[in-house]
Amino acid sequence: MLHTRVVDITKEKIELIRAEKFITSNKCGASIYFVGTVRDSNNSKKVISMTYDSHDTLVIKSFEEIYQSSIKKFNFDNSVVFIEHIKGKIKLGEISILIAVACKHRDQAYELSRFFIEEIKKKTPVWKKEHYKDGDSEWLEGNPIQKD
Amino acid sequence: MKLELYGASRDFCKENFINFNLEEKSTIKKLRVAIIKFIEVNFKDNEGYKKIVNSSAFCSGKDVIVSDNYKISNNEKIGIIPPIGGG
């Protein structure tokens, strides 16, 4: 079971409670929440906020493709996956991405959670622009998008 | 055709897109050349911007990542997908 969404920060925030409601299942004995947040420094620069840009349709498509790949790769019974990624400008400490997974066993949950964040880094068209304390801002370099 | 801008390529224009007049059935390869020319003219040959274009993928009007040989239809919206880095 999969939930995916790009969350527009001008309308709402990413909230753990939504993920908890979605992944809670009596069939699963282990849940992992991966929460990405904005940190206060990068390359010796003081970061005060971050803007996330995304190609929304491709983002959702990539999440669905990664989910299908995970089924082929792991074939875990009854696993549940919740993914939300932010879009827009967020402050320090705010959530940029939430990946919540529930599986029958803990080793499966850890494996699946790690698989999703690593694949998203390679295949999901999202871009970050850092805003610094000195008033400057800069798009982060990133890596060319990978296709299956 | 209309080039939709994402990520670092948004710095190429104040709008979220740039219009290009390309010949019918031009390829992504030709579009890439046209964008480089646009940068040479408008940004004094900015090497950083040219690097972004050369390392970008492109997305068709049907939201599919396409190769450099893909032929662009009349009035098709093509998205430029610079190197990614979300999460």
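Up top is the structure.
Just so we're clear, the structure is a prediction, and the values are computed from it rather than from any experiment. (Residues numbered from 1 in each chain as written. Chains lettered and ligands numbered in written order. Predicted model: local features only at pLDDT ≥ 70, side-chain atom pairs only at ≥ 80, totals over all residues. Heavy atoms only, no water.)

> Tell me what's going on with the interface of chain A and chain B, and back it up with residues and numbers.
Contact with chain A, which involves 27 residues of that partner, is made by 19 residues of chain B. Summing both sides of the interface, chain A and chain B together bury roughly 2000 Å²; the carbon and sulfur share of this comes to 58%. Considering only the surface of chain A that becomes buried against chain B, His55, Trp127 and Trp139 of chain A emerge as the three largest contributors, covering 29% of it. Residue Arg10 of chain B pairs with Asp53 of chain A through a salt bridge whose shortest N-O separation is 2.6 Å. At the boundary of chain A and chain B, one finds 8 residue pairs in polar contact (both at pLDDT 80 or more). Counting residues per element, the ones that place at least two in the side of chain A that touches chain B are strand E4 (45–54), helix H2 (56–74), strand E6 (95–103), helix H3 (106–123) and strand E7 (126–132) of chain A. Its residues assigned to classes, the side of chain A that touches chain B shows 10 nonpolar, 8 polar and 9 charged. (Contact = heavy atoms within 4.5 Å. Buried area = accessible area lost by both parts, 1.4 Å probe. Salt bridge = Lys/Arg side-chain N within 4 Å of Asp/Glu carboxyl O. Polar contact = N/O pair within 3.5 Å; in protein donor to acceptor, adjacent residues only side chain to side chain. Helix = DSSP H or I, 4+ residues; strand = E, 2+ residues; numbered from the N terminus. Nonpolar A, V, L, I, M, F, W, Y, C, P; charged D, E, K, R; others polar.)

> Tell me what's going on with unusual backbone geometry, and back it up with residues and numbers.
Residues and elements named next belong to chain B. The phi angle at Asp45 is positive, at roughly 65°, despite the residue not being glycine. Here Asp45 shows up in the loop between helix H1 (28–42) and helix H2 (47–54). Not every positive phi belongs to a glycine, and Asn75 is a case in point at roughly 60°. Here Asn75 lies in the loop between strand E4 (65–66) and strand E5 (77–81).

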